[in-house]
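Spelled out, the chains give:
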Amino acid sequence: YGQIYIPNMEKLFYTVGEVAGILGENSSAVRYWSNSFSRYLHPTRNGKGDRRFTKEDVETFKRIHFLLKSQGMTLEGAAKALAADRNAGVDRNVKVLESLRNMREQLAEIRKTL
């Protein structure tokens, strides 16, 4: 029995080698970054113990790669930048939720007048 091919389906998990290929790096760099940035990367492991990364992990790897290679940051500097990104994302989410609550209240008021 062969595997079923479903076109246009995104992968759920990526291997170390696949992540390395996406980044243009070697697998040992991906493993090292996985260990160094364990606060931001959360691989699962298959039965053999191989790491499997999600699409979100791959996006985090891309950010790490950019910070280290393009921006010339140290591991510590990149970790601080990732923490700042995460905090900025939380702040953004809080602002969006507040805006949505305000809109809901305004819509409720408009509904009452109809």
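Source: prediction; values computed, not measured.

Asks: Describe the overall build of the chain, naming the residues involved and giving the relevant values.
Replies: Within the chain one finds four helices and two strands. If you list the helices and strands of the chain from N to C, you get α-α-β-β-α-α. Across the 114 residues of the chain, 23% fall into the buried class. With an accessible surface of roughly 8800 Å², the chain has 54% of that area assigned to carbon and sulfur atoms.

Asks: Please give an account of the packing of helix α1 (residues 16-23) against helix α3 (residues 55-70) that cites residues and values.
Replies: Two numbers describe how α1 lies on α3: the axes approach to 10 Å, and their chain directions differ by 45 degrees. Considering the angle they form, α1 stands oblique to α3. Helix-helix and strand crossings are classified by hand; for α1 and α3 the assignment is right-handed. Residues Val19, Ile22 and Leu23 of α1 form the contact with α3, whose participating residues are Val58, Phe61, Lys62 and His65. Counted by class, the contact of α1 with α3 contains five nonpolar, one polar and one charged residues.

Asks: Now, about the side chain of Asp57: what can you tell me, with residues and values included?
Replies: With respect to the element layout, Asp57 can be found in helix α3. The residues contacting Asp57, other than those within four sequence positions of it, are Tyr40, Leu41, His42 and Pro43.

Asks: Talk me through the pattern of salt bridges; I want residue IDs and the actual numbers.
Replies: A side chain of one charge can pair with a side chain of the opposite charge if their charged atoms are brought near each other. Enumeration over the complete set of coordinates arrives at seven salt bridges. For Lys69, the salt bridge goes to Glu25, with nearest N and O atoms at 3.9 Å. Here Glu25 lies in the loop between α1 and α2 (27-36) and Lys69 lies in helix α3, a separation of 44 residues in the sequence. A salt bridge links Lys112 to Glu109; the shortest N-O distance between them is 3.6 Å. One end of the pair, Lys112, and the other, Glu109, are both in helix α4 (residues 75-113), three residues apart, so they sit about a helical turn from each other.

Asks: With reference to specific residues and values, describe the packing of aromatic side chains.
Replies: The tally for this structure, following the rule as stated, stands at one aromatic pair. Ring geometry for Phe53 and Phe61: centres 5.0 Å apart, planes at 85 degrees, overall edge-to-face. Assigned by exposure class, Phe53 and Phe61 land together as buried.

Asks: An account of the nonpolar core is requested, with residue identities and associated values reported.
Replies: Counting 19 residues, the largest nonpolar core has Val19, Val30, Trp33, Phe37, Phe61 and Ile64 as the members making the most contacts within it. Here the element with the most residues in this core is α3; it accounts for five residues. Every residue in contact with Val19, bar those within four places of it in the chain, is listed here: Tyr14, Val30, Phe53, Val58 and Phe61.

Rules used in this analysis
- Residues numbered from 1 in each chain as written.
- Predicted model: local features only at pLDDT ≥ 70, side-chain atom pairs only at ≥ 80, totals over all residues.
- Heavy atoms only, no water.
- Helix = DSSP H or I, 4+ residues; strand = E, 2+ residues; numbered from the N terminus.
- Buried < 20%, exposed > 50% of the residue type's maximum accessible area, 1.4 Å probe, protein only.
- Areas by Shrake-Rupley, 256 points an atom, 1.4 Å probe, with all protein chains shown as cover.
- Axes fitted to C-alpha atoms, helices over the stretch in contact; angles between N-to-C directions.
- Parallel < 35°, antiparallel > 145°, perpendicular 65-115°, else oblique.
- Left-handed = near helix turned anticlockwise from the far one by under 90°.
- Contact = heavy atoms within 4.5 Å.
- Nonpolar A, V, L, I, M, F, W, Y, C, P; charged D, E, K, R; others polar.
- Salt bridge = Lys/Arg side-chain N within 4 Å of Asp/Glu carboxyl O.
- Phe/Tyr/Trp six-rings, centres within 6.5 Å; stacked < 30°, edge-to-face > 60°.
- Core = buried A, V, L, I, M, F, W, Y, C linked by side-chain atoms within 4.5 Å.

Limitation: the analysis is restricted to geometry and does not speak to function.
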